[in-house]
Protein chains: 2
Amino acid sequence: MRLDTINPQAVKAEYAVRGEIPRKAHQIERELEHGAKLPYDSVLWTNIGNPQQQPILAQEPLTFWRQVAALTEYPALLHMESTTRDAMFPTDVQERARQLLDSFGSVGAYTNSRGNELVRQHVVDFLHERDGYVEDFDNVYLTAGASAGVQLLFQVFFAPGNDALLIPTPQYPLYSAASALYNVEPVYYTLRSDHDWDVNFDNVREQISVARAAGVNPRAIVVINPGNPTGSCMTKDEIEQVIELAYNEGLVIFADEVYQANVYQNERPFISFRKVLLDLGKSSDPRKRDMSQIVELVSLHSISKGMTGECGRRGGFFVLNNFDKDVDAEVLKIASLNLCPPAQGQIGVDLLVRPPREGEPSYDLWKKEVSSIFHTLKDRSELIAKRLGELPGMKVEPAKGAMYVFPRMHLSKSASDAARKVGKKVDEFYCLELLEETGICVIPGSGFSFYPEYLEDGSSYSFFRTTILAKGTDEMVERFVKFHMHFMERFP
Amino acid sequence: MRLDTINPQAVKAEYAVRGEIPRKAHQIERELEHGAKLPYDSVLWTNIGNPQQQPILAQEPLTFWRQVAALTEYPALLHMESTTRDAMFPTDVQERARQLLDSFGSVGAYTNSRGNELVRQHVVDFLHERDGYVEDFDNVYLTAGASAGVQLLFQVFFAPGNDALLIPTPQYPLYSAASALYNVEPVYYTLRSDHDWDVNFDNVREQISVARAAGVNPRAIVVINPGNPTGSCMTKDEIEQVIELAYNEGLVIFADEVYQANVYQNERPFISFRKVLLDLGKSSDPRKRDMSQIVELVSLHSISKGMTGECGRRGGFFVLNNFDKDVDAEVLKIASLNLCPPAQGQIGVDLLVRPPREGEPSYDLWKKEVSSIFHTLKDRSELIAKRLGELPGMKVEPAKGAMYVFPRMHLSKSASDAARKVGKKVDEFYCLELLEETGICVIPGSGFSFYPEYLEDGSSYSFFRTTILAKGTDEMVERFVKFHMHFMERFP
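The text that follows walks through the structure, step by step, so that each part is easy to find. As the structure is a computational prediction, the values presented were derived from the model and not from experiment. (Residues numbered from 1 in each chain as written. Chains lettered and ligands numbered in written order. Predicted model: local features only at pLDDT ≥ 70, side-chain atom pairs only at ≥ 80, totals over all residues. Heavy atoms only, no water.)

Thoughts on the relation of the copies chain A and chain B
At an RMSD of 0.0 Å, chain A and chain B line up after a rotation of 180° and a shift of 0.0 Å along the axis. Taken together, the turn and the small shift mark the pair as related by a two-fold rotation axis. Relative to the rotation axis, the C-alpha of Ala-70 of chain A is the closest in chain A, positioned 2.1 Å from it. (Least-squares fit on C-alpha atoms with pLDDT ≥ 70 in both.)

In structure tokens:
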């Protein structure tokens, strides 16, 4: 096996959030561990939304979650002497663990390939409470995280070498990487960087026309709401327009809604695609009612984001609306090749969709922990936006949602020239210099298929994404400010 | 999306161990739950190696495993008042949990896409102890079970529509299903049913010639040792022959060794492909030394089998020997699309490769539990083989290894005729009748690409696979014997 004899589609795939810059950062981290003298003593991992990463981000897990998980792992704890047990585990935690154990039998057993039945029923309840509509139990699939769900569905839906997929720019690079791997042609449409990163519908329609004229067949559209890497939030009207577009063009919608709990403002609250789609069924307009019955929607959710940040468990779910039963049977079959999602990921979904309720013993602590995480994220986003926004050439908005800010920088021609000399795009060059000088690991816009825009005078608008997770946000900002001022001096 | 517009390769994939018969069994189970009156009160799930499945199989998890898992889930338990804590958790359990927590930071954090570094180091130690050779740390990948590892490597190695793969018959249907899904041409070679299910090397060479003559390019060979569904074990000589074949024909070896701890006899102990390959490096024959340096070997292992049976955690690992570093980089990149394997699966690998040692506080209990599971499996295999082997037309050997027996039945022409009338192969017909009459769910040979052999008189040799896991083996055997006698009366 050599690079030129293996799957060319695998070779083609790029995944920047774990690509060159993070690899370089790992190398620096190893050098620091081996005593290298650098101007900083740690790498700041702000390249990926991994809230519980130690020691830099170190978001504490929710107590309720971990208590239930421990009891399901080692049920003997439920049979301890009751005073000790009750002092250690609130009764609602014990009750939840018993329910889950009754249904799973053991966390060491395979479940149904769609996931455990009790948990899926609770997802149905959650969807009902969130959107006002009961869902068919069989339309809910538990997954090993949203990424696994996306890949499963790409494998089933798309004929390699034949189909195309509409992907926003900027995008989360899972979509471009999976398109490359599964030989689906990516067709990029733009988000309006000057207008809350709203979908540029004129551009979407144009891209579809151009694609079709070239014999390429877009069969689905990816929408990420709240936005990654943009931190944007969609309006109800915008979601309706996406649904109408999908209806007119015969597209499946992939609604990546993994950041639905990460919304930091009130003007654009989270509304699910599913709710908007099902609401259309109540319209007086028969065309809209038809959309509600016809448009195929995949909604993806995850336990890795929100206030839980339980990335390592690998858990999530997707819901299929308006899909043919025969297609669903194929999804189930291909899901079964991996037997089932990890049990603790499935249990995580249960805890996500069924948090403690007011009045239950675990509620107060859970509420306090969740609020604290929420406010920390919001504060950090605002702090980063404020401090970086004061820097020359930098335009930054706090995240409306998700876990990222996505600053725009106006960089000089001399920066572009310096980047070209080392064979890099200017945003990559900036981020590599940032990493080497400060240990801060961020991902350039290019990694999200959003490339520097070069102006007539040779200067550029460049972007990068940073998470809003760093525990030492102040320190990160200090390091950053110093670097940026120096960079702007070097490349005026 | 309709069946004729989705990925035709996905539609083509078949996965019998979770296919028609298990689906039918689920239906029967639901009917029983809803009070249906059938001649039996439960489905006996002997279709898949899922040892901890409740209530039928109900293998107890190893205490050591679950204690460590609970502490890593909820580290507050480590900070309990020490008398209570030490009474509940042996000190080596606490020590192990602390080590793992130090390295993982949190089980809620993503790890390296290859898996946690500490666990991988322990896999290296395990390989050293098992085979006598230290492995390069970077050659070890932790996975979400062996199936996930196989699929990852298929995606990276094989150019869809171009490459072919040698698969044994009978085989575990993951291999045929993944071949279909990833558009790799399966080329089946036979195992010698009359000779310990040894590889039929004449047949392998013939299949390669035929394939090449047809323009099909076999690039790898799958070997399952101990065998699934056959329960066979390979000799050192046979493994050497496979390596020589791979060397001569330029094939990558996929050595599926997930049942390496499930060996119930001493004539054919488990020897790893890796050990045999590396031992060739010490040969006086330069050609053999060359093989040792050249033949690319993938060795797969899992926490789902053995004496642990921790299927629900989704954990395993593979080791790459003699692969090009550029190809390895592609494996890592594609692995990173799923971020990382589940943390509790990775911790499971640590517990698998680093069990308690003699003298440590957990050793005695661990040893007792492991021995008990081992002897139970061995006894059940022998019981099933003995009792079923006494039945007319039935030839059964106890499992030499793995978790299955694979009886051969001589079924009459009238059975074949009856099967044909309902559009089934005779082995499928037999297994469906068995399920409906007794609730016992087994998988016919056809599900393992091993089809009935029709004799001149219209009778057939048919096979089926049953696990040796059923808690109520006696009851299973009773139901089975009764059914078989009745079947043979109906179709004499």
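Looking at the nonpolar core
In terms of nonpolar packing, the biggest core is built from 176 residues, with Leu-77 and Tyr-430 of chain A together with Leu-77 and Tyr-430 of chain B touching the most fellow members. Core analysis: the next-biggest nonpolar cluster, separate from the first, contains 160 residues, Phe-157 and Val-199 of chain A together with Tyr-15 and Leu-181 of chain B among them. (Core = buried A, V, L, I, M, F, W, Y, C linked by side-chain atoms within 4.5 Å. Buried < 20%, exposed > 50% of the residue type's maximum accessible area, 1.4 Å probe, protein only.)

Things to note about helix α8 (residues 174–181) of chain A
Residue and element names in this part refer to chain A. Of all eight residues in α8, eight are buried, a share of seventy percent or more. Among the residues of α8, those classed as buried are Leu-174, Tyr-175, Ser-176, Ala-177, Ala-178, Ser-179, Ala-180 and Leu-181. One or two positions beyond α8, positive phi appears at Asn-183, with a value near 55°. (Helix = DSSP H or I, 4+ residues; strand = E, 2+ residues; numbered from the N terminus.)

Re the sheet that holds strand β4 (residues 185–192) of chain B
All names here are of chain B. The sheet built from eight strands is open, its strands ordered β2-β9-β8-β7-β6-β3-β4-β5 with mixed pairing. Pairing within the sheet leaves two strands with one partner each, and these edge strands are β2 (140–143) and β5 (198–199). Bridging between strand β3 (residues 163–169) and strand β6 (residues 217–224) involves four bridges; their strand directions are parallel. When the sheet's bridge partners are listed, Asp-163 is paired in β6 with Asn-217. Together, β5, β6 and β7 (252–256) form the strand contacts of helix α10 (residues 236–249), whose direction differs from that of β7 by roughly 150°. (Pairing = 2+ DSSP bridges. Contact = heavy atoms within 4.5 Å. Axes fitted to C-alpha atoms, helices over the stretch in contact; angles between N-to-C directions.)

Points about the packing of helix α10 (residues 236–249) of chain A against helix α12 (residues 286–294) of chain A
Residue and element names in this part refer to chain A. Packing of α10 against α12 brings their axes to within 10 Å, and their N-to-C directions diverge by 80°. Here α10 lies roughly perpendicular to α12, going by the angle between them. For the pair α10 and α12, contact is made by Glu-240, Ile-243, Glu-244, Tyr-247 and Asn-248 and by Arg-287, Lys-288, Asp-290, Met-291 and Ile-294, respectively. In terms of residue class, the contact of α10 with α12 is made up of four nonpolar, one polar and five charged. (Parallel < 35°, antiparallel > 145°, perpendicular 65-115°, else oblique. Nonpolar A, V, L, I, M, F, W, Y, C, P; charged D, E, K, R; others polar.)

Concerning the side chain of Arg-479 of chain B
Residues and elements named next belong to chain B. With respect to the helices and strands, Arg-479 occurs in helix α18 (residues 473–490). Judged by its relative accessible area of 12%, Arg-479 is buried. Within the structure, the side chain of Arg-479 is placed 2.6 Å from the side chain of Glu-475, a separation counted as a polar contact. Excluding residues within four positions of it along the chain, Arg-479 makes contact with Tyr-40, Asp-41, Ser-42, Leu-44, Thr-438, Gly-439 and Ile-440. (Polar contact = N/O pair within 3.5 Å; in protein donor to acceptor, adjacent residues only side chain to side chain.)

Comments concerning the sheet that holds strand β8 (residues 297–302) of chain A
All names here are of chain A. Reading across the sheet, the eight strands line up as β2-β9-β8-β7-β6-β3-β4-β5 and stay open at both edges, with mixed pairing between neighbours. Single-partner strands in this sheet number two, and they are β2 (140–143) and β5 (198–199). Bridge count for strand β3 (residues 163–169) against strand β4 (residues 185–192) is six bridges, and the pairing is parallel. Within β4, the position partnered with Leu-166 by the bridge is Val-187. Of the strands in this sheet, β3, β4, β5 and β6 (217–224) touch helix α9 (residues 201–213), which is tilted by about 160° from β4. Contacts from helix α14 (residues 343–353) reach β2, β8 and β9 (316–321) within the one sheet, and its direction differs from that of β9 by about 75°.

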